[in-house]
Amino acid sequence: MFQDIKARKIGDILTITVSEISKASKSSMTDTSREKTMNGNFKFNGLTAGNKTILNPVEFGGYEGTFGSGFTGAGSTSKSDSMTAYMTATVVDILPNGNLLIRGSRWTKVNNEMQQIVLEGVVRPNDISRNNAVLSQNIADAKIFFEGKGPLTQQQKPGWLLQLFDLVSPF
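Remember, predicted model here, so these are calculated numbers, not experimental data.

The rules behind the values
Residues numbered from 1 in each chain as written. Predicted model: local features only at pLDDT ≥ 70, side-chain atom pairs only at ≥ 80, totals over all residues. Heavy atoms only, no water. Helix = DSSP H or I, 4+ residues; strand = E, 2+ residues; numbered from the N terminus. Contact = heavy atoms within 4.5 Å. Areas by Shrake-Rupley, 256 points an atom, 1.4 Å probe, with all protein chains shown as cover. Salt bridge = Lys/Arg side-chain N within 4 Å of Asp/Glu carboxyl O. Buried < 20%, exposed > 50% of the residue type's maximum accessible area, 1.4 Å probe, protein only. Pairing = 2+ DSSP bridges. pLDDT = per-residue confidence, 0-100. Core = buried A, V, L, I, M, F, W, Y, C linked by side-chain atoms within 4.5 Å. Polar contact = N/O pair within 3.5 Å; in protein donor to acceptor, adjacent residues only side chain to side chain.

### Brief notes about the overall build of the protein
The helix and strand tally for the protein stands at 2 helices and 8 strands. The secondary structure elements of the protein, listed N-terminal to C-terminal, are β-β-β-β-β-β-β-β-α-α. For the protein, contacts bridging at least 24 residues in sequence account for 63% of all contacts bridging at least 6. Here the protein displays about 13,800 Å² of accessible surface, and carbon together with sulfur accounts for 54% of that area.

Structure, rendered in structure tokens:
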């Protein structure tokens, strides 16, 4: 008559509140340069051709060279994701330490677009609330996938010819 509704055995169901937010950013800057300058003069005293006198000093102009190289690079990456959903998962195994291995999926269809959320992970019984719910942040080894199938998802992918070109393109 009075029984705890918390999931505790294989086949029990619990409610998961999926609330995931992730943010990452990275920035880098590179600036290198190298410069080399060489100068010199060359003189030759000796024979000249034609009607010139022998042993008349002949002077060649000096030579000069400048070499340089440089590189400047910059890059930045920023990413932000969030997901909020409610779903149920089933206890599929009980680990030797008493933790529960859970797995669940949820399909929704909106405007011919199928969306699936798949969740797997390990839950401590102490993290299950009185109303048999767990926050996704309390799931260890959590694997949460959000996948779509349908016309919108198909249009967001490049065509097979472009994918082939990207595969063989060296640039």
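### Here we look at the pattern of salt bridges
For the structure on display, the rule yields 3 salt bridges. The shortest N-O distance in the salt bridge between D12 and K9 comes to 4.0 Å. Under the relative-accessibility criterion, K9 is labelled partly exposed at 45%. The residue R103 makes a salt bridge to E120 at a minimum N-O spacing of 3.2 Å. With a gap of 17 residues between them, R103 in strand β5 (residues 100-110) and E120 in strand β6 (residues 113-123) connect regions that are remote in the sequence. Judged by its relative accessible area of 23%, E120 falls in the partly exposed class.

### Remarks on the pairing of β6
Buried residues dominate β6, accounting for 9 of its 11 residues. For β5 and β6, the ladder comprises 11 bridges, and the chain directions are antiparallel. Directly across from L100, in β6, lies its bridge partner V123. For β6 and strand β8 (residues 139-149), the ladder comprises 9 bridges, and the chain directions are antiparallel. The residue bridging V123 from the neighbouring strand is I139, located in β8.

### Points about the confidence of the model for the protein
Per-residue pLDDT for the protein averages 77, and the proportion of residues at 70 or more is 71%. In this model, residues 44-50 is a region of pLDDT below 50 whose contacts with residues beyond four sequence positions or in other chains number 14 contacts.

### Quick notes on the environment of I13
For I13, the location among the structural elements is in strand β1 (residues 13-40). Spatially, the C-alpha atom of I13 lies 9.6 Å from that of V92, the residues being 79 residues apart in sequence.

### Things to note about the nonpolar core
Inside soluble globular proteins, nonpolar side chains tend to come together where they are buried. Formed by 17 residues in total, the largest nonpolar core has its most connected members in L14, I16, V18, I102, L119, V134 and I139. When residues in this core are grouped by element, the largest group, 5 residues, is from strand β4 (residues 63-94). V134 has contacts with L14, T15, I16, T17, V123, D127, I128 and I139, leaving out every residue within four places of it along the chain.

### A word on the environment of D141
Looking at the element boundaries, D141 is found in strand β8. Along the chain, D141 and L101 lie 40 residues apart, while their C-alpha atoms are 9.8 Å from each other. What D141 contacts, discounting residues up to four positions off in sequence, is E120, G121 and V122.

### Some details on the side chain of D127
Secondary-structure assignment places D127 in the loop between β6 and β7 (133-135). Among the polar contacts made by the side chain of D127, one reaches the side chain of R124 at a distance of 2.9 Å. Beyond its immediate chain neighbours, meaning those up to four positions away, D127 contacts A133, V134 and N138.

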